[in-house]
Amino acid sequence: MVVGGAAVPQTAFPGGAISVKGVHKHFLDPQGNTVVALENVNLEIQPGEFICLLGPSGCGKSTLLRLIAGLDVSGQGEVRLDGEEISGPHFSRGLVFQDPTLFPWLTIRKNVAVGLEARGILAAKQHEVDDYIRLVGLEGFENSYPYQLSGGMAQRASLARALVNHPKVLLLDEPLGALDAFTRMQMQDELLRIWEARGTTMVFVTHDIDEAIYLADRVVVMTPRPGKIAQIFEIGIARPRNRSYAGLFEIRARILELLHLVERQKPEYYL
Ligand SMILES: Nc1ncnc2c1ncn2[C@@H]1O[C@H](COP(=O)(O)OP(=O)(O)O)[C@@H](O)[C@H]1O
Ligand SMILES: [Mg+2]
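Residues numbered from 1 in each chain as written. Chains lettered and ligands numbered in written order. Predicted model: local features only at pLDDT ≥ 70, side-chain atom pairs only at ≥ 80, totals over all residues. Heavy atoms only, no water.

S.K.: Got a minute to help me understand the overall build of the chain in this structure?
M.R.: Check the secondary structure of the chain and you find seven helices and ten strands. For 271 residues, the compact-globule formula gives about 18 Å, and the C-alpha radius of gyration of the chain, at 19 Å, lands near that figure. By principal-axis analysis of the C-alpha atoms, the chain measures approximately 70 × 45 × 35 Å. Burial status across the chain gives 49% buried among its 271 residues. Approximately 13,300 Å² of the chain is accessible, and the part contributed by carbon and sulfur atoms is 53%. (Helix = DSSP H or I, 4+ residues; strand = E, 2+ residues; numbered from the N terminus. Rg over C-alpha atoms; globule rule 2.2 N^0.38 Å. Buried < 20%, exposed > 50% of the residue type's maximum accessible area, 1.4 Å probe, protein only. Areas by Shrake-Rupley, 256 points an atom, 1.4 Å probe, with all protein chains shown as cover.)

S.K.: I keep staring at the layout of surface pockets and nothing clicks. Help me out?
M.R.: Space left empty within the atom packing is revealed by a probe, the size of a water molecule, rolled over the atoms. Estimated volume of the largest pocket: approximately 370 Å³. Along its surface, the largest pocket is lined by 15 residues, and F91, R93, L95, G115 and N165 are the ones closest to its centre. Contributions of two or more residues to the lining of the largest pocket are made by strand 6 (93-96), helix 2 (108-118) and helix 4 (151-163). (1 Å grid on protein atoms, 1.4 Å probe; cavity = no way out; pocket = protein on both sides within 12 Å on 5 of 7 lines; lining within 4 Å. Points joined across faces, edges and corners; volume = space filled by probe spheres on them.)

S.K.: What am I meant to see in the side chain of N165 here?
M.R.: Mapped onto the fold, N165 is located in the loop between helix 4 and strand 7 (169-173). Of note is the side chain of N165, whose polar atom sits 2.8 Å from the side chain of R119. With residues near it in sequence (within four places) discarded, N165 still touches F91, G115, L116 and R119. (Polar contact = N/O pair within 3.5 Å; in protein donor to acceptor, adjacent residues only side chain to side chain. Contact = heavy atoms within 4.5 Å.)

S.K.: What is the right way to look at the packing of aromatic side chains in this model?
M.R.: The description of an aromatic ring pair uses the distance of the two centres, along with the angle that the planes make with each other. Counted by the stated rule, this structure contains three aromatic pairs. Between the aromatic rings of F50 and F204, the centroid separation amounts to 6.2 Å while the plane-to-plane angle is 40°, which identifies the pairing as tilted. Here F50 is found in strand 3 (residues 50-54), whereas its partner F204 is found in strand 8 (residues 201-206), with 154 residues between them in sequence. The same class applies to F50 and to F204, which are both buried. Pairwise contacts between aromatic rings join F50, W195 and F204 into one cluster. The cationic tip of R119 hangs over the ring face of F91; the distance from NZ or CZ to the ring centre is 3.4 Å. The side chain of R243 reaches across the aromatic face of Y214, ending 3.7 Å from its centre. (Phe/Tyr/Trp six-rings, centres within 6.5 Å; stacked < 30°, edge-to-face > 60°. Lys NZ or Arg CZ within 6 Å of the ring centre and 35° of its normal.)

S.K.: I keep staring at the pattern of salt bridges and nothing clicks. Help me out?
M.R.: Two side chains carrying opposite charge are able to pair once their charged atoms lie near each other. For the structure on display, the rule yields 17 salt bridges. When the shortest N-O distance is used, the salt bridge between K228 and E39 registers 3.3 Å. Taken together, the residues span a long stretch of sequence, with K228 in the loop between strand 9 (218-222) and strand 10 (229-234) and E39 in strand 2 (residues 34-45) at a distance of 189 residues. A salt bridge links R218 to E49; the nearest nitrogen and oxygen atoms lie 2.5 Å apart. One end of the pair, R218, is in strand 9; the other, E49, is in the loop between strand 2 and strand 3, and 169 residues separate them in sequence. The residues R218 and E49 share a single accessibility class, namely buried. The network of salt bridges with common partners includes E78, R80 and E85. (Salt bridge = Lys/Arg side-chain N within 4 Å of Asp/Glu carboxyl O.)

S.K.: Even after reading the chapter, I still don't get the site of ligand 1, so can you show me in this structure?
M.R.: Close to ligand 1 lie 13 residues, the nearest being G58, G60, K61, S62 and T63. Interatomic distance of 2.8 Å between a side-chain N/O atom of S62 and an oxygen atom of ligand 1. Residue T63 places a side-chain N or O atom 2.5 Å away from an oxygen atom belonging to ligand 1. Protein burial of ligand 1: of its 560 Å² of free accessible surface, 63% is covered by the chains. Elements that contribute at least two residues to the shell around ligand 1 include exactly strand 1 (18-28), strand 2 and helix 1 (61-69). (Near = heavy atom within 4 Å.)

S.K.: Where do I start with the packing of helix 2 against helix 3 (residues 122-135) in this structure?
M.R.: A pair of packed helices can be characterised by two numbers: the angle between their axes and the separation between those axes. Helix 3 packs onto helix 2 with a crossing angle of 135° between their chain directions and a minimal axis gap of 9 Å. Judged by the inter-axis angle, helix 2 sits oblique to helix 3. When the axes of helix 2 and helix 3 are compared, the crossing they make is right-handed. Mapping the contact onto sequence places I108, R109, V112, A113, L116 and E117 in helix 2 and L122, K125, Q126, V129, D130 and I133 in helix 3. Here the contact of helix 2 with helix 3 is composed, by residue class, of seven nonpolar, one polar and four charged. (Axes fitted to C-alpha atoms, helices over the stretch in contact; angles between N-to-C directions. Parallel < 35°, antiparallel > 145°, perpendicular 65-115°, else oblique. Left-handed = near helix turned anticlockwise from the far one by under 90°. Nonpolar A, V, L, I, M, F, W, Y, C, P; charged D, E, K, R; others polar.)

Laid out in structure tokens, this is it:
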């Protein structure tokens, strides 16, 4: 499904490798009790890989993403991008949240340009702002304000805002969670189209199993608190994937079983 229809810029922007080693993270709750959000998390992500982090609410998905983003620091362990320790936010790691977080007083063009402006390179890259607006299917809305866009359109704008910085890694925290089912599927295909053309490493957080198995090369399943990696599922199904393909349902069943959301039903005669 091509909504925008615009060609993805073909310049090569290789994805980065992420290495998470022995990461622990805890917080204090309002009573002063320790909440262990992540316990000994180890994960190696290859350049250009599409990873989905999947797990129930509160299992530490956002915490892990924030550590990779450099928005927080771990208590123990290390997080690296292409071998370099991550010590703070950087435009090479783009972020997209569930809430598009656009500035309401700026037009879409200015919202998309915000990162380039902050880096002082907007004048040289102005043409790319419109390229990326076209890429995500928002041509004609350059001068609109966020309140004039639907949820899906606003999320496209925040995607363009991240991509215009040519990130090596795109970190997406339940980016499609607020969208209706049809827009959501359309956006999943848009995201795959952009990813396939650009090779950006993707770390996509979701609690939707179907979304994870449709999108990912590997699905990293996390357990409830303390957040640990329970198992990593290699999807291994060629794209474009058919959402009704039996092979996907098999993996879905294995993940559900792992998450203990379904109990294996034993026929009575086995009892
Ligand atoms: N800044 C914080 N202060 C205190 N506790 C936090 C903070 N951020 C996250 N937590 C706790 O850490 C756990 C994991 O949170 P989070 O990473 O947001 O989970 P998820 O994204 O998987 O829903 C939760 O129990 C949450 O309450
Ligand atoms: Mg979260």
